[in-house]
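Coordinate analysis (summary)
Below, each chain spelled out in residue letters.
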Amino acid sequence: MERTYIAQTLHQVGKSVKIFGRIQTLRDHGKVWFIDIADETAVVQAVSRQKFTVNPQDILEIEGVVKKRPENLVNKDIKTGEIEIEVKSLRIISKSQTSPIPLEGDGRDIDEDLRLKYRYLDLRRPRLKNNLKLRHKMLIFMRQFLVSRGFIEIETPILTKATPEGARDFVVPSRLQPGKFYALPQSPQQYKQLLMVADFEKYFQIARCFRDEDPRSDRAYGEFSQLDIEMAYVTQEDILTITEQLFKEITEKVFKKKVYKFPFPRITHDEAIRKYGADKFDLRTEKSPDVLAFAFVVDFPLFEKTEEQAISPSHHPFTAPKEEDIELLAKNPMKVRSYQHDLVCNGLEVGGGSIRISDPNIQRKIFKILGHKDKEIEEKFGHLLTAFKYGVPPHGGIAPGIERLLMVATGEENTREVTAFPVSGSGQTSVMDAPSEIDEEVLKEYKLKKL
Ligand code: ASP
């Protein structure tokens with residue numbers, strides 16, 4: 001007999017079916033046994049007059065007959081509540097030990113390290129399942145939206161050279177060139193700009209980004225995903241327009257929520273600081289959970305000062321200064337405004353981008369203001385400056401953060417709740433124990449240890 005998905009059993013009254021699934025609960029009523037069994041599509045009640053030695057979370061195959069329940073026993077809370085399966089035969093496919101973490105409830109009160117150690121059990125929780133399903137729907141929607149507008153998805157390397165986004169790099173030692181290292185990308189920023197030089201006018205990628213943030217910072221340590229977008233021959237307004245259309249549609253069609261204001265308000269950095277005291281803010285007057293209040297912040301200063309008073313980019317060093325401020329670069333760089341744009345939503349920064357510098361001379365000037373010496377500029381960014389010598393269309397983009405958006409949409413408090421296998425707050429991976437020691441032999445092979 002072929003497998004019937006549990007949701008389909010509803011349409012098979014009077015017929016014999018074979019179902020597979022996992023035991024959710026068991027109820028012993030003396031003469032009869034009730035087994036709630038679920039597959040990915042639904043849960044159903046199976047009834048047996050015979051007892052079996054089974055436990056919750058065991059995986060079973062059940063053959064039985066679908067019976068309509070009497071009116072007074074219909075369970076309105078479940079899809080299959082009008083029927084039940086009368087068990088004819090039952091086979092245990094795989095037994096489950098008792099779960100080390102409770103699987104009922106939302107799991108928020110369980111020690112997080114334990115949840116991550118047994119993430120494959122934790123993920124059985126409907127809350128997390130729904131978060132990941134929403135993530136899937138959002139990614140599919142993003143792809144369809146962009147592809148239908150002529151964007152093409154291009155993957156860029158993970159083993160690469162540092163691209164500064166303001167964090168430390170994760171590094172990977174090279175065995176073939178001992179003493180040298182790859183860096184994992186903090187973002188595909190330089191690659192997407194190189195793709196513009198290569199005349200891909202509309203690029204996107206669901207990109208993994210790696211940032212070795214300080215645990216003290218409020219930014220996430222480890223890896224996360226961005227919807228990375230870049231376009232040639234565009235103005236800042238073109239980028240904002242397509243972004244707001246995408247997020248309006250995602251909010252309505254995927255999150256089934258409303259946007260607070262459309263078009264999204266554009267607020268200058270100055271005004272944001274004056275009005276809200278920060279460059280991210282919540283426009284809502286009431287904290288209505290079904291409303292997403294998006295806004296763009298524009299006209300950022302090009303530079304900011306670090307705690308040590310060094311000049312650093314507000315966004316990254318590839319962000320273009322506003323034309324009218326270019327002459328201030330030499331005299332008063334801190335006064336220069338840029339073409340950076342941030343997307344904020346309900347008090348969180350959910351994305352950022354900019355129009356880029358496409359003039360190699362200005363790019364060089366910016367690197368110098370940032371304190372890089374000529375030799376260092378050549379070593380770190382020579383490839384980009386060289387590429388720009390072959391003709392580069394004006395370009396710009398944005399990179400909304402996937403997890404941040406999902407946090408806003410689900411009301412979750414941290415990005416780990418919308419990530420299948422996140423690293424913990426202290427940098428430990430889920431389930432697999434990394435970072436971990438590595439064999440002496442491997443260290444020697446990489447020349448990280450003396451032979
Ligand atoms: N690479 C930037 C970031 O990761 C986004 C962008 O400028 O498009 O924030």
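A brief report on the enclosed structure follows. Here the residue index of a chain counts from 1 through its sequence in written order. At least 70 in pLDDT is required for a residue's local features to be given in this predicted model, at least 80 for side-chain atom pairs to be given and counted, and no such filter applies to totals for whole chains, interfaces and linings, which use all residues. As a rule here, side-chain values come from all non-hydrogen atoms in the structure, and water together with hydrogens is ignored.

Observations regarding the pairing of strand 2 (residues 32-38)
Between buried and exposed lies partly exposed: a residue is buried under 20% and exposed over 50% of the maximum accessible area for its type, with that area taken using a 1.4 Å probe on protein chains only. Secondary structure elements follow DSSP: runs of H or I of four or more residues count as helices, runs of E of two or more count as strands, with numbering from the N terminus. Burial analysis of strand 2 places 7 of its 7 residues in the buried class, which makes it a mostly covered element. Side chains of strand 2 alternate between two faces, with V32, F34, D36 and A38 and W33, I35 and I37 buried alike. Direction of pairing for strand 1 (residues 16-29) relative to strand 2: antiparallel, over a ladder of 7 bridges. In the sheet register, D28 faces strand 2, and the bridge partner there is W33. Linking strand 1 to strand 2, which pair antiparallel, is a turn of 2 residues; within it G30 sits at a positive phi near 75°. Any two strands are treated as partners once DSSP identifies two or more bridges connecting them. Sheet topology note: the strand 2/strand 3 (residues 43-48) ladder contains 6 bridges and is antiparallel. Its bridge partner being in strand 3, I35 is matched across the sheet by A46. Connecting strand 2 to the next strand, strand 3, in antiparallel fashion are 4 residues.

Description of the site of the ligand
Here a residue is considered near a molecule or strand provided that any single heavy atom belonging to it is located within 4 Å of it. Not every one of the 13 residues close to the ligand is listed here, only the nearest: E165, Q189, K192, Q226 and R356. In protein, a polar contact means a hydrogen-donor-capable atom and an acceptor-capable atom, both N or O and within 3.5 Å, with residues adjacent in sequence counting only if both atoms are side-chain atoms; elsewhere, any N or O pair within 3.5 Å suffices. One of the side-chain nitrogen or oxygen atoms of E165 is found 2.6 Å away from a nitrogen atom of the ligand. Note on areas: Shrake-Rupley, 1.4 Å probe, and residue coverage restricted to the protein chains presented here. In the complex, 94% of the free accessible area of the ligand, which totals 270 Å², lies under the protein chains. Secondary-structure elements contributing two or more residues to the shell around the ligand are helix 4 (189-197), strand 18 (348-355) and strand 19 (395-400). Side-chain classes are defined by residue name, with Ala, Val, Leu, Ile, Met, Phe, Trp, Tyr, Cys and Pro counting as nonpolar, Asp, Glu, Lys and Arg as charged, and the others, Gly among them, as polar. Of the residues contributing to the shell around the ligand, the split by class is 2 nonpolar, 7 polar and 4 charged.

Any functional reading would require information beyond the geometric quantities listed.
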